[in-house]
Amino acid sequence: MQNIFHPWRFNYAISDYKIILVDDGSPDKCGEICDQYAEKYGNVKVIHQKNQGLSAARNTGIREAEGEFLGFVDSDDFIEEDMYQVLLQNIISSNADIAIGGIIDCYEETGKMYAQFDGEVNVYNGNEAIKSVLTNRGNVTAHVVTKLYKKTIFDKITFPIGKLYEDAYTIIDFLLACDKVVVINKGLYYYCHRGNSIVESPFGKRDMNLIHAWQENHRLILERMPELKEEIDLESGKKRIEEGAKYLLGNWSAARIRLLRKEGVIGSSTESHVSHV
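The shown structure was predicted, so the numbers you read here are calculated from the model rather than taken from an experiment.

Draft legend 1. Geometry of the overall build of the protein chain. Of regular secondary structure, the protein chain possesses 10 helices and nine strands. Relative to all contacts within the protein chain whose residues are 6 or more apart in sequence, the contacts with residues 24 or more apart total 76%. Accessible surface, the protein chain as shown: approximately 14,600 Å² in total, 48% of it carbon and sulfur.

Structure, rendered in structure tokens:
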């Protein structure tokens with residue numbers, strides 16, 4: 001969280017904004033730190049609540065938000081100083097419902113960062129954006145934190161309580177609610193990978209949330225967008241489920257593969273395809 005409030009990062013390029021800090025029952029001193037920032041800065045509001053998980057914290061922030069647009073930053077990460085200026089300018093100029101920036105992967109143990117951007121700006125309709133996230137083309141990703149949203153999108157969408165990988169559970173709902181999405185192919189959000197984070201933790205039964213989320217996404221697409229059925233058939237859906245699992249769950253192991261086979265997600269030929277990843 002202190003990355004976000006580093007003195008030079010708090011001088012963001014837009015002036016009319018509000019920061020809502022949700023202390024989700026943190027056992028350390030995060031709650032106290034939040035209160036200190038609220039005392040120091042007039043546009044910071046702090047909400048303390050019992051631990052309910054990331055989705056509940058985000059839902060609380062949404063309920064408290066009063067602006068026309070909103071975005072999310074996780075406490076471990078940090079952003080470019082002009083991130084929300086860039087997203088805001090593009091969401092307004094494109095008359096889009098969501099603006100999406102690029103993500104820079106940072107690894108704490110090695111100090112390395114990985115990113116590749118060409119600076120292009122692309123505008124998609126809802127169908128095109130969904131095809132982009134399913135095929136991993138066009139830089140539309142499932143990450144909640146790389147985006148600026150029209151707040152009205154959340155009138156009927158909330159993050160699922162008790163689920164991990166809430167990004168995967170909500171991305172299709174978000175895109176179905178959009179007439180237009182603008183993608184800025186520029187690194188704006190620094191996603192910090194740490195050994196104790198959800199996506200870096202050892203694989204377990206709970207990680208099936210990710211697989212089930214993408215299964216539900218494909219069911220929803222085929223139900224709500226039958227015109228895409230020929231382009232996004234069952235086989236391509238299964239492929240996206242496997243690719244999404246590989247990307248978010250990290251290196252695969254024999255134990256992971258056996259669990260996915262047991263759940264009926266992948267077939268017997270998958271081991272040779274992913275065991276070297």
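Here the narrative resumes, following the displayed structure.
Draft legend 2. Looking closely at the packing of helix α6 (residues 166-176) against helix α7 (residues 208-224). It is the contact of α6 with α7, at a shortest axis distance of 7 Å, that shows an interaxial angle of 20°. Taken as axis vectors, α6 and α7 run roughly parallel relative to one another. Here α6 contributes A168, Y169, I171, I172, D173 and L176 to the contact with α7, which in turn contributes N209, L210, H212, A213, W214, N217, L220, I221 and R224. The residue inventory of the contact of α6 with α7, partitioned by class, reads 10 nonpolar, three polar and two charged.

Draft legend 3. Molecular detail of the packing of helix α5 (residues 126-135) against α6. Contact geometry for α5 and α6: axes closest at 8 Å, N-to-C directions at 160°. Classed by the angle they form, the pair α5 and α6 counts as roughly antiparallel. Along its contact with α5, which presents G126, A129, I130 and V133, the element α6 presents I171, I172, L175 and L176. Of the residues belonging to the contact of α5 with α6, the class tally is seven nonpolar, one polar and no charged.

Draft legend 4. Representation of the packing of aromatic side chains. Tallying each qualifying case throughout the model produces 10 aromatic pairs. Relative to F174, the ring of F154 lies with its centre 5.4 Å away and its plane at 70°, an arrangement referred to as edge-to-face. Within this pair, whereas F154 is found in the loop between β8 (147-150) and α6, its partner F174 is found in helix α6, the two being separated by 20 residues in sequence. Since its relative accessible area comes to 7%, F154 is described here as buried. Between R58 and the ring centre of F159, over which it is positioned, the NZ or CZ distance is 5.5 Å.

Draft legend 5. Local environment of the nonpolar core. Ranked by size, the top nonpolar core spans 53 residues in total, and within it F72 and F154 carry the most contacts. For this core, the secondary-structure elements that each account for two or more residues are α4 (83-93), β5 (98-107), α5, β8, α6, β9 (180-193) and α7. Top element by residues in this core is β9. It accounts for seven residues.

Draft legend 6. Spotlight on the pattern of salt bridges. In the structure shown here, the tally under the stated rule is eight salt bridges. For D167, the salt bridge goes to R58, with nearest N and O atoms at 3.9 Å. Here D167 is found in helix α6, whereas its partner R58 is found in helix α3 (residues 54-64), with 109 residues between them in sequence. The exposure classification of D167 matches that of R58, with both residues buried.

Draft legend 7. Region of the structure containing the state of the cysteines. For the structure on display, the rule yields zero disulfides. Of the cysteine sulfurs around C34, a residue in no disulfide, the closest is that of C30, at 6.4 Å. Take C34: its relative accessible area is 3%, and that puts it in the buried class. Free cysteine: C192, not disulfide-bonded; nearest cysteine sulfur from C106 at 4.8 Å.

Draft legend 8. Geometry of the pairing of strand β2 (residues 44-49). As defined by bridge partners, strand β1 (residues 19-24) adjoins β2 across six bridges and the pair is classed as parallel. By the bridge assignment, D23 is partnered in β2 with H48. Assessed by its sense of winding, the connection that carries the chain from β1 through helix α2 (residues 30-40) to β2 is right-handed.

Draft legend 9. A look at the environment of V123. Structurally, V123 is set in strand β7 (residues 121-125). Along the chain, V123 and N90 lie 33 residues apart, while their C-alpha atoms are 9.7 Å from each other. Once residues within four sequence positions are removed from consideration, V123 is found in contact with S94, E128, K180, V181 and V182.

Draft legend 10. Structural view of the environment of K163. The topology assignment puts K163 in the loop between β8 and α6. With residues near it in sequence (within four places) discarded, K163 still touches S55, Y169 and N209.

Draft legend 11. Layout of α2. Taken together, the buried positions of α2 are occupied by G31, C34 and Y37. In an axial view of α2, the angular spread of the buried residues amounts to 120°, which keeps them on one side of the axis. Across α2 from its buried face, at more than 90 degrees, point the exposed residues E39 and K40.

Calculation criteria
- Residues numbered from 1 in each chain as written.
- Predicted model: local features only at pLDDT ≥ 70, side-chain atom pairs only at ≥ 80, totals over all residues.
- Heavy atoms only, no water.
- Helix = DSSP H or I, 4+ residues; strand = E, 2+ residues; numbered from the N terminus.
- Contact = heavy atoms within 4.5 Å.
- Areas by Shrake-Rupley, 256 points an atom, 1.4 Å probe, with all protein chains shown as cover.
- Axes fitted to C-alpha atoms, helices over the stretch in contact; angles between N-to-C directions.
- Parallel < 35°, antiparallel > 145°, perpendicular 65-115°, else oblique.
- Nonpolar A, V, L, I, M, F, W, Y, C, P; charged D, E, K, R; others polar.
- Phe/Tyr/Trp six-rings, centres within 6.5 Å; stacked < 30°, edge-to-face > 60°.
- Buried < 20%, exposed > 50% of the residue type's maximum accessible area, 1.4 Å probe, protein only.
- Lys NZ or Arg CZ within 6 Å of the ring centre and 35° of its normal.
- Core = buried A, V, L, I, M, F, W, Y, C linked by side-chain atoms within 4.5 Å.
- Salt bridge = Lys/Arg side-chain N within 4 Å of Asp/Glu carboxyl O.
- Disulfide = S-S within 2.5 Å.
- Pairing = 2+ DSSP bridges.
- Right-handed = clockwise from strand over helix to strand, strands pointing away.
- Arc of directions from axis to C-beta.

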